[in-house]
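Reading the structure
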Amino acid sequence: MNKEPLVPMLGVVTDVRIDTPDVKTFRVNALGGGKCFEHKPGQCAMLSIPGVGEAMFSITSSPTNKEFMEFSIKKCGCLTSWLHQMEPGQQITIRGPYGNNFPVETELKGQNLLFIAGGIGLAPLRSVINYCRANRENYGEIDIVYGSRSMDDLVDYKEIVSEWMEDKGIRVHLTIDRAQDGWDGHVGFVPAYVKELDFKPDCKVLICGPPIMIKFTLVELEKMGFSRTQIFTTMEMRMKCGIGKCGRCNIGNKYVCKDGPVFRFDELGELPDEY
């Protein structure tokens, strides 16, 4: 593990996978092979293109993967546009890991788990899901609710269908916002689908997605009897420097990069309007 969090390491992009029209997954290795550093589920890393910029991204591969790290990145600005032009063999700088992690070895261990994701919000949860799959004996039943705008916008769709849906004890519930040709699954927004599925409050919940989705899903979960001590989320999109110096990630009395990015909802209290 990199002992100096501000000193970047050189990595090399060894594979680029197109997930959706605006999301690509980048596989990154150290120059000598293997991973640049170890991490825990939910932690982030800073990716940089010198002369262009840097930004924080979730590490979407599981820590149980010892060969490489992956990052699923949505094209939405200058840096991400440059990243989307990268090809295998090109180098990138990387530093981390940053932040805390989902409590997979404490509060989540031995529990039934409910993952709820919307759009690119699946990216930070993928690391946790695959960690739990690799350590299946440590967790109970697993439900995954995932929705996106359309069938084409479902991230990691091939992995979901060919691997997650085939695992014993894992139930995957997919939905898209509006009906389209070729889709015979559920149609509707994630909060309404969670209400329809009517989960029992006997599990821990991990949720990530657009703020409006989280807001209304939280309402439905509380109606079902879930308490905020059962629900976890991640807020890495607020992180900038990663070490609590720039102040960009300040929310109330919390610094996302130092106190998070993973939070239990009762720790956050009343969220600002944008959440």
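As the structure is a computational prediction, the values presented were derived from the model and not from experiment.

Below, the discussion takes up the side chain of Ser 62. Tracing the chain through its elements places Ser 62 in the loop between strand S4 (53-58) and strand S5 (69-74). Among the polar contacts listed, one links the side chain of Ser 62 to the side chain of Thr 64, at a separation of 2.6 Å. With residues up to four places along the chain from it excluded, the contact list for Ser 62 reads Lys 35, His 39, Ser 127, Asn 130 and Tyr 131.

The interhelical angle for the contact between helix H4 (residues 190-197) and helix H5 (residues 211-223), taken along N-to-C directions, is 15 degrees, at an axis separation of 8 Å. When the axes of H4 and H5 are compared, the pair comes out roughly parallel. Between H4 and H5 lies a crossing of right-handed hand. On the side of H4, the interface is formed by Val 190, Pro 191, Val 194 and Lys 195, while H5 contributes Met 213, Phe 216, Thr 217, Glu 220 and Leu 221. Split by residue class, the contact of H4 with H5 holds six nonpolar, one polar and two charged.

Further remarks concern the sheet that holds strand S6 (residues 91-98). Reading across from one edge, S4-S3-S6-S1-S2-S5 is the order of the six strands in this open sheet, with antiparallel pairing throughout. Every interior strand has two partners, whereas the edge strands, S4 and S5, have only one. Between one strand and the next, the sheet's axes are offset by a mean angle of 40 degrees, whatever the strand orientation. As defined by bridge partners, strand S1 (residues 9-20) adjoins S6 across four bridges and the pair is classed as antiparallel. Each bridged residue has a counterpart across the sheet, and for Gly 11 the counterpart in S6 is Ile 92.

So, about unusual backbone geometry. The omega angle of the peptide bond from Gly 96 to Pro 97 is 0 degrees, so this bond is cis rather than trans. Within the secondary structure layout, Pro 97 lies in strand S6. The omega torsion of the bond from Gly 260 to Pro 261 falls at 15 degrees, within 30 degrees of zero and hence cis. Along the chain, Pro 261 falls in the loop between helix H6 (256-259) and strand S15 (262-264). If you check the backbone angles, Asp 156 has positive phi at about 60 degrees while not being a glycine.

So, about the pattern of salt bridges. According to the stated counting rule, one finds 21 salt bridges in the structure shown. Notably, a salt bridge pairs Arg 264 with Glu 107, separated by 3.0 Å at the nearest N-O pair. Here Glu 107 lies in the loop between S6 and strand S7 (112-118) and Arg 264 lies in strand S15, a separation of 157 residues in the sequence. For Asp 167, the salt bridge goes to Arg 133, with nearest N and O atoms at 2.5 Å. Pair noted here: Asp 167 is in the loop between helix H3 (157-162) and strand S9 (170-176) and Arg 133 is in helix H2 (residues 122-134), with a separation of 34 residues, a long-range link. Each of Arg 17, Asp 19, Arg 27, Glu 70, Arg 126, Asp 156 and Glu 159 takes part in a single network of salt bridges with overlapping partners.

Counting residues in each nonpolar core, the largest one holds 30 residues, and the members touching the most others are Phe 102 and Phe 115. The set of elements that each furnish at least two residues to this core consists of S7, H2, strand S8 (142-148), S9 and strand S11 (203-208). Take this core: its biggest share by element is six residues, from H2. Leaving out residues up to four positions away in the same chain, Phe 115 has contacts with Leu 125, Val 128, Ile 129, Cys 132, Ile 142, Asp 143, Ile 144, Val 145 and Leu 206. Formed by 19 residues, the second largest nonpolar core is a distinct cluster that contains Val 28, Phe 37, Ile 49 and Phe 71.

Calculation notes
- Residues numbered from 1 in each chain as written.
- Predicted model: local features only at pLDDT ≥ 70, side-chain atom pairs only at ≥ 80, totals over all residues.
- Heavy atoms only, no water.
- Helix = DSSP H or I, 4+ residues; strand = E, 2+ residues; numbered from the N terminus.
- Polar contact = N/O pair within 3.5 Å; in protein donor to acceptor, adjacent residues only side chain to side chain.
- Contact = heavy atoms within 4.5 Å.
- Axes fitted to C-alpha atoms, helices over the stretch in contact; angles between N-to-C directions.
- Parallel < 35°, antiparallel > 145°, perpendicular 65-115°, else oblique.
- Left-handed = near helix turned anticlockwise from the far one by under 90°.
- Nonpolar A, V, L, I, M, F, W, Y, C, P; charged D, E, K, R; others polar.
- Pairing = 2+ DSSP bridges.
- Salt bridge = Lys/Arg side-chain N within 4 Å of Asp/Glu carboxyl O.
- Core = buried A, V, L, I, M, F, W, Y, C linked by side-chain atoms within 4.5 Å.
- Buried < 20%, exposed > 50% of the residue type's maximum accessible area, 1.4 Å probe, protein only.

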